[in-house]
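What the coordinates show
Here's the letter readout for the chains.
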Amino acid sequence: MKTYKLLLLGLFCSIVGKAQETNIKSSVENVETKVDSVLALMTLEEKVGQMVQYSGSWDLTGPATGDQNQYREDRLKQGLVGSMLNVLSPEATREAQKLVMENSRLGIPLMIGYDVIHGYKTIFPVPLGETASWDLDAMERSARIAAIESVADGVNWTFSPMIDISRDARWGRIMEGSGEDPFLTSKVAVAKIKGYQGDDLADPTTIAATAKHFVGYGLAEAGRDYNTVHIGENEMHNTLLPPFKAAADAGVATVMNAFNDLDGIPATGHRILQRDILKGDWDWDGFIVSDWGSIIEMVNHGFARDRKHAAEIAVKAGSDMDMEGGAYENALEELVEEGEVDEELINDAVRRILRVKFKMGLFEDPYRYSNPDFAATVDYDEHREVAREIASKSIVLLKNEKELLPIKPSVKNIAVIGPLADDKDTPIGNWRAQGEANSAVSLLEGIRNAVGQDVNVTYAKGADLGMGERSFLKPLKINETDTSGFADAIAKAKEADLVVLALGEDAFQTGEGRSQVDIGLAGVQDELLQEIYKVNKNVVLVLQNGRPLEISWAAENVPAIVEAWLLGTESGNAIADVLFGKYNPSGKLPVSFPRAVGQEPLYYNQKNTGRPSNPTDVTYSAYTDEEKTALYPFGYGLSYTTFEYGDINLSSKEMTQEGSIEVTVPVTNSGSKAGREVVQLYLRDMVASTTRPVIELKGFELVDLQPGETKEVTFTITNDLLEFYNAEKKWTSEPGEFRVMVGGNSRDLKMDSFELQ
Ligand code: NOJ
């Protein structure tokens, strides 16, 4: 046993020695040599072991109790586990690593994964909310901070970013992604991956990232989680795959596949997507981890006869690591021995896993991410400051009539009302990693922190939203009947100059398994809103939620509406910064807000159809009982100032595929406050070999403007922005007319056009 470890160590030292001489320590060639050398030493059983991931919901540091624990500990000692998830703390991760390093024949270190979705301890806005900032630097920074805090707790791999395009507000996991647009989602994907992974995965303050869920999970039919996805090849390539291509090009270490089936094939068993496209066409060299049990779930899908068959399908399709499914561990070796699975497929998977481990520097020092002294160097106070800044930037001002906002110094009596007004837990959101329960600054606290002595702030809850136990797995009980707190709230609203009404969703109304058919304000909240509005018209509605809500009544009646998502640790302070004008809101919606749930799935980049409109009768693509447009469209958001767009100027009206066109537009701050505008570029390919969306985001710029100031914003259109997956199954552009649109949202736009020759 010892001989092999010595061999591995010897091999490693000689490689590192050589590398130091030639200064190519992390060069591709060097890693490949190491990977092959380790692979050559491995038995089939050890190779399969690398493809197994266990969850550590058992006490690693204490004595193992029960058969399962003992069994798993033995497997670790034998080097038959490649990775663990949900093992936390430098001590516990070190302990797990030690079981492997000190007992197994080869001592191949573990990767330690965890769902670090929007921060680790310091919690940032949920991804949908953070995307509303459109601030890629900010998103990279929050990922960087999440990485540092993860490493401080022994975690070296996150299952993030989720880059599923989601167009359906009923789907509870819409809060985990970047919304409905492939261009914006691709940019966010790259920023997040950069933040987590840095420039060098071996830097012990970076962690490996995961692009998930490959692919289609966000289009679950009827918004019901885990449901079937129906998608054609054209839409797959043009809408779902681009963010994953961007992630692969950015060097994401791992990809997680998905629970859903696509046109009859479960994603986990999808050879074309995983092996041919991701690993083949895109030449991506990381590894694919299954989603939790998604290999074995192919039996439920009716796609595999049993566990063994599921393992065979998954490995052939290119799934490299089995997360908590038990399929690979129990069946792969036998499948190879029986000749059903070619050992080369196993070698390919293991090569990929080892490659990532080498790049992470785990072979140099398996304990590098389990350093108990590292936590003391982490500046959590500074992280909170960044969290506040990013949370302010994520807020979207949806409506502001009567110039109710920012709140004027003349307002001396503020009533803060609502089930979420003093809720310190909901802003932490679902997928909260190690964000502590009840650790957020509530809206009430934020307002009290912001006002001086001369402002009287009263508070009434009005009603509960969720009742009873809150947990990741259990359904949430909504209060549908209890209005006993209304009287107090109404009395306080009557007395006040202004009411800040905090409504929305509980932390556990969105996230995995949290699909809903009703996306209005849950429980008695609508009633509370209308009762308060009856006695005081100066209502600022602050929404905290993880999905677009149906808020048509509020949109029509309430003068001011602030979309504050689930903003994380500094939520209340950030909202107060916006309410009192310390931060002039600049967020823009990354997802359409519907007028009615019946419009879902709703997205701005739709096709025109053969019957887009008809002024004379009903026979066109619309509803007879509601407008077909969004209530608040993609890209929309107000500011305390106003921005005016001049005419678009194109550097040429013609372009060749090798050439480019500059699009210039003057943007003026025509109001009286300094502000930030997200200037958005959209294109439309007017006629093509397949139908194309009527509008598609192709660029954006964040512009800071003083009152009266004008800046020329320039976008460069190059051929790559015009390309799409066409009727000949090629990623290419086609000659013809393109419409160019620029504006502050996807609805109010300046237009021009050019010809691609
Ligand atoms: C299932 C979820 O779908 C996935 O996103 C997550 O990373 C894993 N569970 C691990 O918790």
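Residues numbered from 1 in each chain as written. Predicted model: local features only at pLDDT ≥ 70, side-chain atom pairs only at ≥ 80, totals over all residues. Heavy atoms only, no water.

Digging into the sheet that holds strand β24 (residues 696-705)
- A sheet is described by the order of its strands in space; here 5 strands give the open sequence β21-β29-β28-β23-β24, paired in mixed fashion. A strand with exactly one partner marks an edge of an open sheet, and here the two such strands are β21 (654-655) and β24. (Pairing = 2+ DSSP bridges. Helix = DSSP H or I, 4+ residues; strand = E, 2+ residues; numbered from the N terminus.)

What about the site of the ligand?
- Lining the immediate surroundings of the ligand are Leu 85, Asp 115, Phe 159, Arg 173, Lys 212, His 213, Met 256, Phe 259, Asp 291, Trp 292, Met 323 and Glu 512.
- A distance of 2.4 Å separates an oxygen atom of the ligand from a polar side-chain atom of Asp 115.
- Side-chain polar atom of Lys 212 to an oxygen atom of the ligand: 2.8 Å apart, as the coordinates give it.
- Look at the ligand: alone it shows 300 Å² of surface, and the protein chains cover 94% of it.
- Across the shell around the ligand, the residue classes break down as 6 nonpolar, 1 polar and 5 charged. (Near = heavy atom within 4 Å. Polar contact = N/O pair within 3.5 Å; in protein donor to acceptor, adjacent residues only side chain to side chain. Areas by Shrake-Rupley, 256 points an atom, 1.4 Å probe, with all protein chains shown as cover. Nonpolar A, V, L, I, M, F, W, Y, C, P; charged D, E, K, R; others polar.)

A look at the packing of helix α7 (residues 136-152) against helix α15 (residues 380-394)
- The contact between α7 and α15 brings their axes to 10 Å, and the two run at 150 degrees. In this structure, α7 meets α15 at a crossing whose hand is left-handed. Where α7 approaches α15, its residues Ala 138, Arg 141, Ser 142, Ile 145, Ile 148, Glu 149 and Ala 152 are matched on the opposing element by Tyr 380, His 383, Val 386, Glu 389, Ile 390 and Lys 393.
- Tallied by class, the residues present in the contact of α7 with α15 amount to 7 nonpolar, 2 polar and 4 charged. (Axes fitted to C-alpha atoms, helices over the stretch in contact; angles between N-to-C directions. Left-handed = near helix turned anticlockwise from the far one by under 90°. Contact = heavy atoms within 4.5 Å.)

Some thoughts on the sheet that holds strand β10 (residues 322-323)
- Across the sheet, 5 strands lie side by side as β4-β3-β2-β1-β10; this open sheet has parallel pairing. With partners counted over all chains shown, the strands left at the sheet margins are β4 (157-158) and β10, one partner each.

Considering the pairing of strand β29 (residues 749-756)
- The pairing of β21 with β29 spans 2 bridges and is parallel. Counted as the bridge partner of Glu 654 is Glu 755 from β29.
- Bridge count for strand β28 (residues 736-743) against β29 is 8 bridges, and the pairing is antiparallel. Within β29, the residue paired with Met 741 across the bridge is Met 751.
- A loop of 5 residues connects β28 with β29, the two strands running antiparallel in sequence.

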